[in-house]
Each structure stands twice: as C-alpha cells, then as structure tokens.
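Observations on the model geometry
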Amino acid sequence: MSRSAHPAGPRHGDVLPEGHYQAPPTDLNALDPKVWSSTVARDAEGVVTVGGVDVKRLAAEFGTPAYVMDEADFRARARAWREAFGADADVFYAGKAFLSKAVVRWLHEEGLNLDVCSPGELAVALAAGMPPERIALHGNNKSVDELEHAVKTGVGHIVVDSYEEIERLAAIAGRQGVRQRVLIRVTVGVEAHTHEFIATAHEDQKFGLSLTGGAAAEAVRRVLAHGESLELRGIHSHIGSQIFDTAGFEVAARRVVGLLARIRDEHGVELPEIDLGGGLGIAYTSEDDPREPAEIAAALAEIVRRECAAAHLAAPRLSVEPGRAIVGPTAFTLYEVGTVKPLEGLRTYVSVDGGMSDNIRTALYDAEYTVALVSRTSDAGPTLVRVVGKHCESGDIVVRDAFLPADLAPGDLIAVPATGAYCRSMASNYNHALKPPVLAVRDGAARVIVRRETEEDLLRLDIG
Ligand SMILES: Cc1ncc(COP(=O)(O)O)c(C=O)c1O
Ligand SMILES: N[C@@H](CCCC[NH3+])C(=O)O
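Residues numbered from 1 in each chain as written. Chains lettered and ligands numbered in written order. Predicted model: local features only at pLDDT ≥ 70, side-chain atom pairs only at ≥ 80, totals over all residues.

In the annotation of an unreviewed UniProt entry, the chain is listed under the name Diaminopimelate decarboxylase and assigned to Kitasatospora misakiensis. Regarding the chain, the relevant UniProt record gives this comment under Pathway (unreviewed entry): "Amino-acid biosynthesis; L-lysine biosynthesis via DAP pathway; L-lysine from DL-2,6-diaminopimelate: step 1/1." Reading the Sequence similarities (unreviewed entry) entry of the UniProt record for the chain gives the comment "Belongs to the Orn/Lys/Arg decarboxylase class-II family. LysA subfamily." (UniProt positions renumbered as here; feature names shortened; annotations may be inferred.)

In structure tokens:
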C-alpha cells in the first residue's frame, strides 16, 4: 500500500503507475460488487438504493453523514463464515471492528460467538443478550476490576497476555471459587500484511508472549501451576490485518502446533483449542481480491490438520476472529458534497460534511478507498478528486485519489463503500464533531441502530 511514485498522490493527467493507484473507471456510474454490499443497486432514476431504500430518502430522513449498513449483507457474511468453518470450529466476530446491540443480536441469531476487548464492548454484548459463555475477552492490560467483572459474568474464555494477568486472574478466579478457562496469546514471529509476511519481524510489539523468546512456555508453566483456578484451554495467535493469503497463517499454525507438542511432551497435557485470530482482508478498491470464507476455512483447517498429524497430535478445535471480513463490506458512508474546489493542474478537492472524525483510516494508515456519486448518474467525464472533510487538518482526507464525474456539484450525495469496519468504532469528536448515526437498511425499511450524537451529548460530559 505504499505510494512511492508521488508522495502527494497522482496529479490530473498523470500516467498512473499500473496497479499502484486506482485507474479512472470506464463507467463512473457502475458500482463494483466487490466493494459495495450485495443489495446495492441503482434505481430507474439512477439513484443508488440499498436494501430497497434510496439514498436520497435516507439523507432526507436521517441526515448526512451517516453510516448505512446493509443488514441482509451483514447476516449473509456472518452466516457464510459460520457455515464455512462448520461444527468443528468456532467463529468469534471481533467486536472492535464495529459493535452495537443490533449487530450483537444478528450475530447471536446467526450462531456466531463474540470477541470483546474492553469492558465497554462486554457491556454492549451483555446488554444485547449474547450468552456470556459465547464471549471471549481480549486485551493486553486488563485491570483487576475488568477481570473480576468478566469472571463473575461467566465469559467463555479469557485470552491472557502477560505474566501479571495470569497471577491476577488466578487470584480473582480463586476468590470467586471458579475455574476460569484461558487461552494464552503468543507472538509467533510473523508479521502479515496483505501478500507479504516477515518471519521474526513482529517480536517488537506489545501483544502476546514470545514463542521464540521462551515467554510463551513460561506462561504455560504459570497457568498450569494455577490449575485449581485456571483451566488452560489452548493457544491464541493473531498475525495482522488486511491479509489476503494464508501463508502467514500457515507459519503461525505450525509454530502454535509446535508449542502444543512441547506442552504435551513437557507437561503431559494435550490442549484442546487453538485460535488463529482475525485479519482477513476485504476489497476497499476494485484492485483488492479477497478470498471467500469457504476457501479460507478449508485452507486453515488443512494447515492445522497437517501440522497436528506431523506432530502426532489430535487436531484441536479451531477458532478464528474475523471482524473486518464480516462487517467491512456491509456499510458505506453517505456524505453530502459541500464545496468543489478545482486546483488547476493538480486535482479537485471535494469537501464533504464529515471527515477524519468518521473515518480516520486514510489519515492513520494511508488506507485506500473509492467513492461514487450516488444521488444521480452522470454522463460527464472523470475528474481526479480528493475527498476531504471539514476538520482543521490538512491531513483530513477521506479518499486520497479517486475519480468522480466532472459535473459534481454542492448538494450531490456521494458515498464511500467498505466503511463498516474500524470507522464508526474509531470515530472521534475532533473539533467537537458529532459522531454520525448507523442506519440499518433491509427489505425497503431503514432504522437507526446507533443514533447521531447531539450537542447535548457533548455538553453532558462537560462539567463547567
Ligand atoms: C486479537 C484480535 N482478533 C481479531 C482481530 C480482528 O481483526 P480483523 O478485523 O482484521 O479481522 C484483531 C484486530 O486486528 C485482533 O487484535
Ligand atoms: N484498526 C485497524 C486494524 C487493527 C485492528 C485491531 N487489532 C484498521 O482499521 O485497519
């Protein structure tokens, strides 16, 4: 995802390096099904509809900016993951990607489990009725209070991430008279980003206990030593984000299974579970080619089966934690165009009524998005645009370089697809922006599942 040709991006009229920047689309009115959710279409007037509701109606009724979530698409993706992994594996949706009570209910109904990584996420999960035993708790610095609450709640398992946490949790479970199920998060020395992975390069980060450095083995000893209050169920690894192939998972699985074999040899215990985490990629632009859940599930199951057979271990139960791959493609962000500022010889700056407060990923990760005019079609030719927000930052960019029709005008509605993951969940109140609502659309009806913030919401926290 590097942009080496021009640090500032392409200029209008540039010959763009092939495969590096998004090329001008042949049809600006077309909506690539790779990046738009499955019910998105244009009606006879050319207005984009989702779940049978047109975006002009959504904007009129609920205002902009708004995250628009395609409920049928979300459910279908969740179900596809569940079915792909089958009865011998568990799918834990990673709530950090996006969580709300409605989403928890959909997940529950579709038979998925939930990974939470904070007391806030746990509260939403419980408020929406997710059975505690189907919740896993993550985090690299869980407080005593958080652990006490999680154990009391009866969460299915806790993924421990440090020696301190093992000692704290053992004491807490002991006091509560329960035997808490735990997985140990290990650092497998694999850093995976899209097509590449760099073995051993990922030791230097805050998550997990190092396999190569021996910390993982020591954590195993410590958890087993607390056998009365802690039940060691398995090993957890998570290798990165927006990954398109399974090569990194293959290395991770081999190393995790290697640890399982050592645990059997040293402690005489065969652990029944391994969790390979999340990180599977989605299409943000037409150039991305994610793999289907069935293909990923088959590949991961085969990797684990092969590695276990080689180590003469019975294959443990596998779990995965996809977040982005389920929720990312299910939503787009709907904006109204406020200003259109052509910069001669460069590009046209299109200002929308949101920005880095509703999508920080472009500024934070140099993430790539695409954009479309959705309130009408246009026969005008493509013009190179940068979609920017209304914040006091020159880095307040939503879509760095894309093409929109040259007749784009204030009042038009544009939408950025694939914003279901890590956009609302990472939204901020910078410049006292009000976080946009999340709308769920299905079968011709739209409803608010997370309401728009109000100035009263902001002022309520401000104790003058
Ligand atoms: C432990 C863990 N599990 C699951 C996920 C979900 O990742 P993604 O949304 O990329 O699938 C993350 C986030 O990267 C994570 O840290
Ligand atoms: N938040 C990141 C990924 C990190 C997820 C949590 N470990 C993103 O938007 O891509």
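A few words now on the overall build of the chain. If you tally the helices and strands in the chain, you get 12 helices and 24 strands. The C-alpha radius of gyration of the chain comes to 23 Å, within 12% of the 23 Å expected for a compact globule of 464 residues. Structurally, the chain occupies a C-alpha span of about 70 × 50 × 40 Å along its principal axes. Out of the 464 residues in the chain, the part that is buried amounts to 47%. Long-range pairs, those at least 24 residues apart, make up 69% of the contacts in the chain with a sequence separation of at least 6. (Helix = DSSP H or I, 4+ residues; strand = E, 2+ residues; numbered from the N terminus. Rg over C-alpha atoms; globule rule 2.2 N^0.38 Å. Buried ≥ 20, exposed ≤ 12 C-beta atoms within 10 Å, placed from the backbone. Contact = placed C-beta atoms within 7 Å.)

Moving on, we come to the site of ligand 1. The full set close to ligand 1 counts 17 residues, and Ala94, Gly278, Glu321, Gly323 and Arg324 are the nearest of them. Classifying every residue of the shell around ligand 1 gives 6 nonpolar, 7 polar and 4 charged. (Near = placed C-beta within 6 Å. Nonpolar A, V, L, I, M, F, W, Y, C, P; charged D, E, K, R; others polar.)

This next bit is on the environment of Val160. With respect to the helices and strands, the residue Val160 is situated in strand 8 (residues 157–160). Judged by the 31 C-beta atoms lying within 10 Å of it, Val160 is buried. The spatial distance from the C-alpha of Val160 to the C-alpha of Ile235 is 9.7 Å, given a sequence separation of 75 residues. Aside from chain neighbours lying at most four places away, what touches Val160 is Glu165, Ile166, Leu169, Val182, Ile184 and Arg185.

The residues that UniProt annotates with the feature "binding site: substrate" (unreviewed entry) are Arg324, Arg361, Tyr365, Glu393 and Tyr422. For the residues just named, distributed over 99 residues, the greatest C-alpha separation reaches 27.0 Å, placing them at more than one site. Looking at the secondary structure, you find Arg361 in helix 11 (residues 361–365). Not counting the four nearest positions on each side in its chain, Arg361 is found in contact with Ala367, Tyr422 and Cys423.

With that out of the way, let us pick up the pairing of strand 20 (residues 382–388). With 6 of 7 residues buried, strand 20 is to be regarded as a mostly interior element. Two elements, strand 18 (residues 348–352) and strand 20, share 4 bridges in a ladder whose sense is parallel. Across the sheet, the residue bridging to Ser351 is Val388, located in strand 20. In the sheet, strand 20 pairs with strand 21 (residues 397–405) via 6 bridges, with the strands oriented antiparallel. (Pairing = 2+ DSSP bridges.)

Take the UniProt feature "binding site: pyridoxal 5'-phosphate" (unreviewed entry) in the chain next. The sites that UniProt annotates as "binding site: pyridoxal 5'-phosphate" (unreviewed entry) are Gly279, Glu321, Pro322, Gly323, Arg324 and Tyr422. Mapped onto the fold, Gly279 is located in the loop between strand 15 (273–275) and helix 9 (293–310). When sequence neighbours within four positions are dropped, the list of residues in contact with Gly279 reads Ala192, His238, Ile239, Gly240, Ser241 and Ile243. Secondary-structure assignment places Gly323 in the loop between strand 16 (317–320) and helix 10 (324–327).

Now for the domain arrangement of the chain. With domains assigned, the chain is organised as domain 1 (41–70 + 329–460) and domain 2 (72–325). If you average the C-alpha positions of domain 1 and of domain 2, the two centres end up 33 Å apart. Domain 1 puts 20 residues into the contact, and the matching count from domain 2 is 16 residues. Those elements that place two or more of their residues in the side of domain 1 that touches domain 2 are strand 4 (66–70), strand 23 (438–442) and strand 24 (445–450). The leading source of residues in the side of domain 1 that touches domain 2 is strand 23, at 3 residues. Of the residues belonging to the side of domain 1 that touches domain 2, the class tally is 11 nonpolar, 5 polar and 4 charged. (Domains from an automatic or database assignment.)

It is worth spelling out the sheet that holds strand 1 (residues 41–42) at this point. The 3 strands lie next to each other as 1-2-3, forming an open sheet whose pairing is antiparallel. Of all strands in the sheet, those with a lone pairing partner are strand 1 and strand 3 (53–54), marking the two edges. Pairing geometry for strand 1 and strand 2 (residues 48–50), over 2 bridges, is antiparallel. Residue Ala41 lies in a different strand from strand 2, and its bridge partner there is Thr49.

If you look at the biggest cluster of nonpolar residues, it comprises 129 residues, and the most contacted ones within it are Val68, Leu169, Ile184, Val256, Ile414, Ala415 and Leu439. The dominant element in this core, judged by the number of residues it contributes, is helix 8 (residues 247–267), at 8 residues. Counting contributing residues, this core receives three or more from each of domain 1 (41–70 + 329–460) and domain 2 (72–325). (Core = buried A, V, L, I, M, F, W, Y, C linked by C-beta atoms within 7 Å.)

The next thing to look at is the pairing of strand 13 (residues 230–236). Most of strand 13 is tucked away: 6 of the 7 residues are buried. With 6 bridges connecting them, strand 9 (residues 180–187) and strand 13 associate as parallel partners. By the bridge assignment, Arg181 is partnered in strand 13 with Glu231. Pairing geometry for strand 13 and strand 15, over 3 bridges, is parallel.

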